[in-house]
Structures are given as C-alpha cells and as structure tokens.
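The chain contents come next:
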Amino acid sequence: MTESYSLDGFHNGTDCFAYKFFGCHKISESEYVFRVWAPHAESVRLVRSFDDNDGIVMRRLSDGESFEVIKEAKAGDTYGFCIETYDGRKLYKADPYAFYSDIPGSFMSKICELPAGECRREEPARGEQPINIYEVNLLSWKRHKDNSYYTYDELIKTLVPYVKRMGYTHVEFMPVTEFPYDGSWGYQVTGYFAVTARLGAPDRFKALVAAFHDSGIKVILDWVPAHFPKDGWGLYEFDGQPLYECPLWDRMEHRGWGTRKFDFGRGEVDSFLLSSAVFFLDVYGVDGLRVDAVASMLYLDYDRAQGDFTPNIYGDNRNLEAIEFIKKFNSRIKQLFPSSIIVAEESTTFPKLTTKVEDGGLGFDYKWNMGWMNDVLFYCRQDPYFRNYHHNKITFSLVYAFSEKFILPLSHDEVVHVKGSIVNKMFGEYDDKFAGERALLGFMYAHPGKKLNFMGYEVAQFKEWDYTAGIEFFLKKFEKHRKMSAFVKTLNLFYAANKPLYEIEDGWSGFEWLVVDDRASNLLAFNRYSLDGECITAVINFSGVDLHGYGIGVDEGRYSVVLNTDSKAFGGNGSCGKRIYKTENKSSQGKANSIYVDIPKLTCIYLKKSN
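Let me begin by describing the structure that accompanies this report. Note that the structure is predicted; figures quoted are calculated from it, not measured.

## Regarding the packing of aromatic side chains
Summed over the entire model, instances satisfying the criterion amount to 61 aromatic pairs. Aromatic pair Tyr-192 and Phe-262: ring centres 5.6 Å apart, planes at 85 degrees, arrangement edge-to-face. In this pair, Tyr-192 sits in strand 13 (residues 191-195) while Phe-262 sits in the loop between strand 17 (259-261) and helix 4 (267-282), placing the two residues 70 residues apart along the sequence. By the burial criterion, Tyr-192 is buried, and Phe-262 matches it. Here Phe-280 and Tyr-284 contribute two aromatic rings whose centre-to-centre distance is 5.5 Å and whose plane-to-plane angle is 25 degrees, an arrangement assigned as stacked.

## A short note on the pattern of salt bridges
Taken as a whole and assessed by the stated rule, the structure comprises 38 salt bridges. Overlapping salt bridges, with partners in common, bring together Glu-128, Lys-405, Lys-450, Glu-505 and Arg-528 in one network.

## Some remarks on the pairing of strand 19 (residues 341-344)
Of the two faces of strand 19, the one carrying Ile-341 and Val-343 and the one carrying Ile-342 and Ala-344 are both buried. Across four bridges, strand 18 (residues 288-291) lies against strand 19 in parallel orientation. Bridged to Arg-290 within strand 19 is Val-343. Alignment of strand 19 against strand 20 (residues 366-368), held across two bridges, turns out to be parallel. Counterpart to Val-343 in the pairing with strand 20 is Tyr-366.

## Overview of the packing of helix 11 (residues 430-446) against helix 12 (residues 479-497)
In contact at an axis separation of 11 Å, helix 11 and helix 12 are set at 10 degrees when each is read in the N-to-C sense. In terms of axis orientation, helix 11 runs roughly parallel to helix 12. In contact with Tyr-430, Asp-431, Phe-434, Glu-437, Arg-438, Leu-441, Gly-442 and Tyr-445 of helix 11, helix 12 contributes Lys-480, His-481, Met-484, Phe-487, Val-488, Leu-491, Asn-492 and Tyr-495. Looking at side-chain class alone, the contact of helix 11 with helix 12 contains nine nonpolar, three polar and four charged residues.

## Remarks on the sheet that holds strand 23 (residues 511-515)
If you trace the six strands from one edge of the open sheet to the other, you get 23-24-25-30-27-28, paired in antiparallel fashion. Edge strands, defined here as strands with exactly one partner in the open sheet, are strand 23 and strand 28 (580-582). Strand-to-strand twist in this sheet, taken as the mean axis angle between neighbours without regard to direction, amounts to 25 degrees. Inspection of the sheet shows strand 24 (residues 523-529) paired to strand 25 (residues 535-541) by seven bridges, in the antiparallel sense. The residue of strand 25 that forms the bridge with Leu-523 is Asn-541. Against the sheet, helix 11 engages strand 24, strand 25 and strand 30 (603-609), with an angle of about 40 degrees to strand 30. Helix-sheet contacts for helix 12 involve strand 25, strand 27 (558-564) and strand 30, and the interaxial angle to strand 27 is about 135 degrees.

## With respect to the nonpolar core
Residues Phe-173, Tyr-192, Tyr-244 and Tyr-606 are the most contacted members of the largest nonpolar core, which totals 169 residues. If you tally residues by element for this core, the top one is helix 4, at nine residues. Core analysis: the second largest hydrophobic core is formed by 18 residues, Val-515, Leu-523, Leu-547 and Ile-599 among them.

## Some remarks on unusual backbone geometry
At the junction of Ile-103 and Pro-104, the peptide bond is cis and its omega measures out at 5 degrees in the coordinates. If you trace the backbone, Pro-104 turns up in the loop between strand 8 (90-93) and strand 9 (109-110). For Trp-185, which is not glycine, the phi torsion reads 60 degrees and is therefore positive. Inspection of the secondary structure puts Trp-185 in the loop between strand 12 (177-178) and strand 13. The class for Trp-185 is buried, based on a relative accessible area of 14%. Even without a glycine there, the phi angle at Asn-522 is positive, about 55 degrees. Exposure remark for Asn-522: the relative accessible area of 3% places this residue in the buried category.

## Regarding a nonpolar patch on the surface
Taken together, the side chains of Tyr-385, Phe-386 and Tyr-389 define a hydrophobic patch exposed on the protein surface, amounting to about 430 Å² of accessible area. With respect to the helices, strands and loops of the structure, Phe-386 is situated in the loop between helix 7 (370-381) and helix 8 (391-395). Using a relative accessible area of 41% as the deciding quantity, one classes Phe-386 as partly exposed.

## Remarks on the packing of helix 2 (residues 152-166) against helix 3 (residues 202-214)
In helix packing, the relevant descriptors are the interaxial angle and the interaxial distance, both defined with respect to the helix axes. At a minimum axis distance of 9 Å, the contact between helix 2 and helix 3 shows a crossing angle of 15 degrees. With respect to helix 3, the element helix 2 is oriented roughly parallel. For the pair helix 2 and helix 3, the sense of crossing is right-handed. Counting all contacts with helix 2, which are made through Tyr-152, Asp-153, Leu-155, Ile-156, Leu-159, Val-160 and Val-163, the residues of helix 3 involved are Arg-204, Phe-205, Ala-207, Leu-208, Ala-211 and Phe-212. Among the residues forming the contact of helix 2 with helix 3, the class breakdown is eleven nonpolar, no polar and two charged.

## Quick notes on the side chain of His-25
Note on placement: His-25 falls in strand 1 (residues 23-26). With relative accessibility at 15%, the residue His-25 sits in the buried group. For His-25, the side chain forms a polar contact with the main-chain oxygen of Tyr-19, separated by 2.9 Å. Dropping the residues within four chain positions of it, His-25 is found in contact with Tyr-19, Lys-20, Glu-31, Tyr-32, Val-33 and Phe-99.

Calculation notes
- Residues numbered from 1 in each chain as written.
- Predicted model: local features only at pLDDT ≥ 70, side-chain atom pairs only at ≥ 80, totals over all residues.
- Heavy atoms only, no water.
- Phe/Tyr/Trp six-rings, centres within 6.5 Å; stacked < 30°, edge-to-face > 60°.
- Helix = DSSP H or I, 4+ residues; strand = E, 2+ residues; numbered from the N terminus.
- Buried < 20%, exposed > 50% of the residue type's maximum accessible area, 1.4 Å probe, protein only.
- Salt bridge = Lys/Arg side-chain N within 4 Å of Asp/Glu carboxyl O.
- Pairing = 2+ DSSP bridges.
- Axes fitted to C-alpha atoms, helices over the stretch in contact; angles between N-to-C directions.
- Parallel < 35°, antiparallel > 145°, perpendicular 65-115°, else oblique.
- Contact = heavy atoms within 4.5 Å.
- Nonpolar A, V, L, I, M, F, W, Y, C, P; charged D, E, K, R; others polar.
- Core = buried A, V, L, I, M, F, W, Y, C linked by side-chain atoms within 4.5 Å.
- Patch = residues over 30% accessible without salt bridge, like charges linked within 9 Å, V, L, I, M, F, W, Y side chains within 5 Å.
- Areas by Shrake-Rupley, 256 points an atom, 1.4 Å probe, with all protein chains shown as cover.
- Left-handed = near helix turned anticlockwise from the far one by under 90°.
- Polar contact = N/O pair within 3.5 Å; in protein donor to acceptor, adjacent residues only side chain to side chain.

Structure representation (structure tokens):
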C-alpha cells in the first residue's frame, strides 16, 4: 500500500485497511518496515524492549504526523516505540497496529506475519434464518487440571465438536482482542489487531475460526469500540497528550469504568476503529461482530450526573460524532461484507438501531433485548404464588417485540456479581429450579427474536461464572445435570428444524396470543407461524401447581405434543402423559374450538397441528 493512498484515507477517516500500512510489515527476506502515527511527538525511536535506551530513530513521513523505519528483524522478535514528547518525557508504547503481543510475558509487541489464505465469502441469506448463539469465554470454557488455558488448537478439538453436537448455529467469543488483565474479561482492550497470545499464535486462531466454519458454525466476536484502558504502554495519551481519546473534559473518560473514550469523529481514530473491525472480518474470516456498550457511545451524559456534560449543538444529550461514526461503520461493513452480522449491545430505547442507514437508522442487524432479559429473570425469581402480581413482566416484551430486530440474551453479565447462575435464579427447591430453567428456555425459544445463551447454563451449573476456572462439566455425572444438557441439545435442534420459531420475526403475522392475561394461573399460550402457514403452539405453565383440563382456544384439528419440558428424558416427572389433543366444539379466547390440556407446573409444551 502506498504512503499517499494510505495516509489520505487514514486522515479523512475513511481508510478501512490502515493495518496494511501502519504497524510492522515484512518487505524482504530479512527486512521489516515499522510505521506509527504520533502527531504530537518530538521524535520516535523503534526499541526492542521497554528498557532499551538506544533504539533506532524513525523518520517523519510527509504528513508530518507519522513515522517510519526499515530494519532487519525476524518473526517472533519483540518491539515497541519510544516516543519523546516536546516537554522531554520518554513514553514506551506497544504498537497500536500490532498483530501479536508478548502478553503475558511483557507488554511489548511481537513481529508476526498475517495468516495466509482466502477467507470464506457468502452472499446474504434470503429470508430469516435460525440464529442460536453459544456465548463463550475462550479462557474459561475449559481449563486443564493445573488451571492452564486450553490453546486454540485444543479448542479446535474440544469446543468445535461440542458446539456442533449441541446444535447451535453460531458461536460468540467474548473479546479475544489482546488485553492485559483477565479480570476485565477482555473488555479493556490494548491490542485492537491482535488476538490474545495466551492461547496461541494468530494462525492458530484463524484455524479455530476455520474449524467452526467446516462444522457449519458461524463465528461472532465481541468488539469494544467504546473505550480503552489507561495502561501507560497502550493507547492512553499515546504521544504525550490525548490522541485516541477525546480531549474534551466531559468526553474523555468513563468514570465508572476507569477508561478513556475514543475521539469519534477524528479521522485517524475512525480509520483505526474501522480497520480493526474490517481486519477480523477480512483476515480471520469471522462472520460478525457484537458491538459492546453502544449506549455509552450514543449519549453524552452516559454515567454522568445532570449538568456534568456539555450538550450538543442542538442542546440535547446525543453524541453526534459517535452516531455518525456508527452509521459510517455499519455502512462500510455492509459494503465490504454483505453477509456479516453486526449486533448492538444497547440498553436504552434509542430509535431505529436496526433500521438501515439509508432509511434513517443506525444500520445494525440486531440489538440485544435487554428489557426482555431483565423482565423474565425478575419474574423467574419470584415465588409462583406471587407471580400473578408480576404477570406484565412476562408479557410486556410483545408490546415492542417488532420495533427492532432483537436477539434474546441470557448472557455472561447475568451470571456474575452475585446475580446467580441461570438455574440458581429459578425459584424453589432443587427439582423446581431445573423445571424452572427448562420452562424459561422453552418460552425463550418460542418467543420472537434470535437466541443467545452463555456457557454453563446447559449443564445447569449452580456456581456463578468464574473467569479463573472452567465450566463445571463434571456435573454431567449427575442425572439432573446430564438430562438438562440433553434437553438443551434437543431444544436447539428443534428450533433449527422448525420454521415457525424463526421465520417471521418482524410482525404479528408470525405471532398470535392465545392466552395472555390469565395472571391467576401464571399461564401463557401463543402461536408462532412460518411463511407457509405452519404453526407451533407454545403453552407455558409458570405456576407452582399442575393444571388439568385447561381450555385454550385454537383452530379446529388434532394437536400433537412435539416437545415437553417435563419429559423424564429431560429430568422432569413425565406427569403429562397425553400426547395428542383433539379440539372440542367449545369457544374460548375468540376461537370457535378449544383443546383442554394437562400441563404440569413449571412446564412448557409445544404442540403442532396435524395435517
């Protein structure tokens, strides 16, 4: 890539391939070129370690802001930059565009050639597809007996076949972009072009992605463009003063997180972030990105008290520069990678998140439905005897279910910080907790919206997620936990095989309430429809008592139970023995015919009408 082309686009905020110019690149058998952007630097030297007092002086490029040097080196060598500021300080920095790091050995960057090979490219799928995501933290899915990490190669042999066997359609990695502190779970990123070296080299990460693709599983990465940590060797005040962060007093820092905000709207920062996203889609061939903390980007007063921010030119709290960056980001990604999936983790009601940019929206493909998550988990914690007072928590999501394109998340955030694991959130004694989780999942998979669940729920782990240890797969030695895993697998496969559960997600033509307001019985019933009219009826008894002969208005016909969460095969009691229901000529809920079902407590059943 030529200097003039790269620098023009870079400074204008339109360069999506800045990683091909900046950073370290091999130019001959033994020589590498190193480039860095540091506009406020008096001088920059290339160093081999952070205690290197000599180094090699880098020449200033024609833009007056970037520096370059050519040096003999080899793959695996460590390097960094010593930036001398105008006030005489020397700052030792890792390469912002490094493809590989020396973490946890040091904070230096390592010379690394990009993995070779063409990436998968697909045209966008026609119509709605099943999306069932297994969210995983690669550092703590499994650990060795000595508590060491599973490497990328070991995950190819273990995680890939597991996700395939369990019937998921997608896997989502919590951030693998390099980070210094495990306790940040990867959300305090220092290497926006480097996959974490803890688990192996970049080519092994690409092999992991390829292995998922070979198994028919698509890969989504958590990506963190909202903020970065204040580690001295990272992006923090890179050339002696705010550079990647916004210099304005009220836009510089996330106080609650102790991190710096990116300076959205500055061309070079936009190019840096655009290039980071494109890098993982282009070089590693991942299928999508989940954009973290979008709400913190959209609002100037996010995590700030009233009056502790400067309104925008219109006098309100929208971060106009960040909004324009998001639109630019989504537009460019869709131009370059039309089949990619871009998901917003956004917790407010900001309008048109999943509307196309050309139609006045922000351009995301999906948004996490945080409201649904909070409401249903609150409901499931309640004693069934008192759930009638909270019935709106389980039905309110349908008021706005079609306002955006949603993913229903039961994510890592819900199983930490004394919130309890999914099974342990369920009210009741031991058996009731398992029944409650199965009923919740049955409701979730029938509810409009794509699905996401965090690792560990599928074995009903009572312990909260611990980033320093693996998931407790040993629990499958015990019957209840083993059968929960069997249930999750069956539910995953059923979801992917039945169009009514995923084909119409954007309107009432795919959903029909049958029983919505029986708060006294804690029961819901509704239909889901496919484009060709196929129907699955979901009935969920969230109460603490068995219901016998409960009347539900349906179309005339014969209905078979095609999934029952109370089945003995799933750890239930098997007390609902009836498998086929014929309608009776009695009206109910606006229908001329009804079926009278027996449904045990804390149970979800799916029924399908016979042709």
